[in-house]
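# Fold and contact review
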Amino acid sequence: METAVKKQETARAQSSEAQNLRDLFEDGLKDIYSAEKLAGKTLTKRLKSASSPELVSALKNHQEEINEQVARLEQVFKATGIKLGEKKCAAMEGILKESDENIKDTKVGKVRDAGIIASVQKVKHYEIATYGTLHAYAKTLGENKAANLLAMTLEEEKKTDAALSGIAMTAVNAEAASKKIR
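Predicted model, so just to flag it, every value in this text is computed and none were measured. (Residues numbered from 1 in each chain as written. Predicted model: local features only at pLDDT ≥ 70, side-chain atom pairs only at ≥ 80, totals over all residues. Heavy atoms only, no water.)

## With respect to the packing of aromatic side chains
As a reminder, the rule being used: Under the pairing criterion, centres of Phe, Tyr and Trp rings, with the six-membered ring standing for Trp, must be within 6.5 Å; the plane angle then separates stacked pairs below 30 degrees from edge-to-face pairs above 60, leaving the rest tilted. Numbering of helices and strands runs from the N terminus, with a helix taken as a DSSP run of H or I at least four residues long and a strand as a DSSP run of E at least two residues long. Only protein chains enter the accessibility calculation, which uses a 1.4 Å probe; a residue is then buried when its area is under 20% of its type maximum, exposed when over 50%, and partly exposed in between.
Counting across every chain of the model gives one aromatic pair. Plain terms: the ring middles of Tyr 33 and Phe 77 are 5.6 Å apart, the flat faces sit at 75° to each other, and that makes the pair edge-to-face. You can see Tyr 33 sitting in helix H2 (residues 21-49) and its partner Phe 77 sitting in helix H3 (residues 53-80), a full 44 residues away along the chain. Overall, Tyr 33 belongs to the buried group, its relative accessible area being 4%. You can call Phe 77 buried: its relative accessible area is 2%.

## Some words on H3
The condition that has to hold: Every helix has an expected span of 1.5 Å times one less than the residues it contains.
In this model H3 runs 40 Å from its N-terminal to its C-terminal C-alpha over 28 residues, within 8% of the 40 Å that 1.5 Å per residue would give. Of the residues flanking the end of H3, it is Gly 81, one or two places downstream, whose phi is positive at about 75°.

## Details of the confidence of the model for the chain
Keep this limit in mind: Note: pLDDT gives the predictor's confidence per residue, expressed from 0 to 100.
Mean pLDDT over the chain works out to 90, with 89% of the residues at or above the 70 mark. The spread of mean pLDDT over the elements of the chain runs between helix H1 (residues 2-15), the lowest at 45, and helix H5 (residues 110-140), the highest at 97.

## Let's talk about the environment of Leu 96
Defined as follows: Note on contacts: a residue pair is in contact if any heavy atoms of the two residues lie within 4.5 Å.
Relative to the helices and strands, Leu 96 resides in helix H4 (residues 90-104). Accessibility expressed as a relative area gives 7% for Leu 96, which makes it buried. For the pair Leu 96 and Ser 119, spaced 23 residues apart in the sequence, the C-alpha separation amounts to 7.5 Å. Non-local contacts of Leu 96, meaning those with residues more than four positions away in its chain, are made with Leu 38, Ala 39, Thr 42, Arg 46 and Val 123.

## As for H4
Using the following cut-off: For this quantity, the arc is that covered by the directions from the helix axis to the C-beta atoms.
Over its 15 residues, H4 extends 21 Å from the first C-alpha to the last, a length consistent with the 21 Å expected when each residue adds 1.5 Å. Within the sequence span of H4, burial applies to Met 92, Ile 95, Leu 96, Ser 99 and Ile 103. Down the axis of H4, the sector holding all buried residues measures 95°, keeping them to one side. Turned more than 90 degrees away from the buried face of H4, the exposed residues are Ala 90, Lys 97 and Lys 104. Buried-residue contacts for H4 involve H2 and H5.

## Thoughts on the nonpolar core
Using the following cut-off: Residues enter a nonpolar core if they are buried and are Ala, Val, Leu, Ile, Met, Phe, Trp, Tyr or Cys, with the set joined through side-chain atoms within 4.5 Å.
Phe 25, Leu 29, Leu 55, Leu 59 and Leu 150 are the most contacted members of the largest nonpolar core, which totals 41 residues. Elements with a minimum of two residues in this core: H2, H3, H4, H5 and helix H6 (144-177). When residues of this core are assigned to their parent elements, the largest contribution, 10 residues, is made by H6. With near-sequence residues (within four places) excluded, Phe 25 lies in contact with Val 76, Thr 80, Ile 82, Leu 134, Tyr 137, Ala 138, Leu 141, Ala 146 and Leu 150.

## Examining the packing of H5 against H6
Under the convention used in this document: Every angle, taken between N-to-C directions, lies between 0 and 180 degrees, and every axis is a line fitted to C-alpha atoms, over only the stretch in contact when it is a helix. Any angle between 65 and 115 degrees counts as roughly perpendicular, while under 35 counts as roughly parallel, over 145 as roughly antiparallel, and the rest as oblique. Whether a crossing is left-handed or right-handed is set by the direction in which the near helix is turned from the far one by less than a right angle, anticlockwise for left-handed and clockwise for right-handed. Side-chain classes are defined by residue name, with Ala, Val, Leu, Ile, Met, Phe, Trp, Tyr, Cys and Pro counting as nonpolar, Asp, Glu, Lys and Arg as charged, and the others, Gly among them, as polar.
One way to put it is that H5 packs onto H6 with a least axis distance of 8 Å and a crossing angle of 160°. The orientation of H5 relative to H6 falls into the category roughly antiparallel. Crossing hand, H5 versus H6: left-handed. Taken together, the residues of the contact of H5 with H6 break down into 19 nonpolar, eight polar and nine charged.

## Some details on the pattern of salt bridges
Heads up, the rule is: The salt bridge criterion pairs a side-chain nitrogen of Lys or Arg with a carboxyl oxygen of Asp or Glu, the two atoms within 4 Å.
One pass over the full model with this rule turns up 12 salt bridges. Between Asp 27 and Lys 87 there is a salt bridge, with its nearest N and O atoms 3.1 Å apart. Of this pair, Asp 27 sits in helix H2 while Lys 87 sits in the loop between H3 and H4, and the two are 60 residues apart along the sequence. What makes Asp 27 partly exposed here is its relative accessible area of 32%. Put simply, Glu 86 and Lys 37 hold a salt bridge, and the shortest N to O gap is 3.0 Å.

Written out as structure tokens, the structure is:
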């Protein structure tokens, strides 16, 4: 009797396991779709907490970009015939939780701005890694339209990351470093 139960549990667990690259691709799409939507919902908090005009402008631009990226992901789902859906992205939740704590633990100003830049870049780095992987999967699977759409988003993520690095290095970090240490 115990053996039959274990076999059922094993069969149930295996049915949700990725069996091939297409399964990994689908899982990754659902993960990044969830991540993008979550990042978009919480970007307003970072935007309201920022003080640097350059950072505020970059975050506003990024907010519009996220909406386009979500729409592009929906095109990827359609192009590949994968059912639109989300898989809870625990990685993004963790990054954003850490970011919320950083905002809570800093005063408005350049130090907080430096923390916001760091947290948004952590989001970007996760997205860059994910889009890079999904792009490679799409190419391997012969999903050329999806690969092209994913490549567009990957390049946008890299540009946003570079822009944030520029803001940090030219407008925020030096001023944050000069703040008095208690």
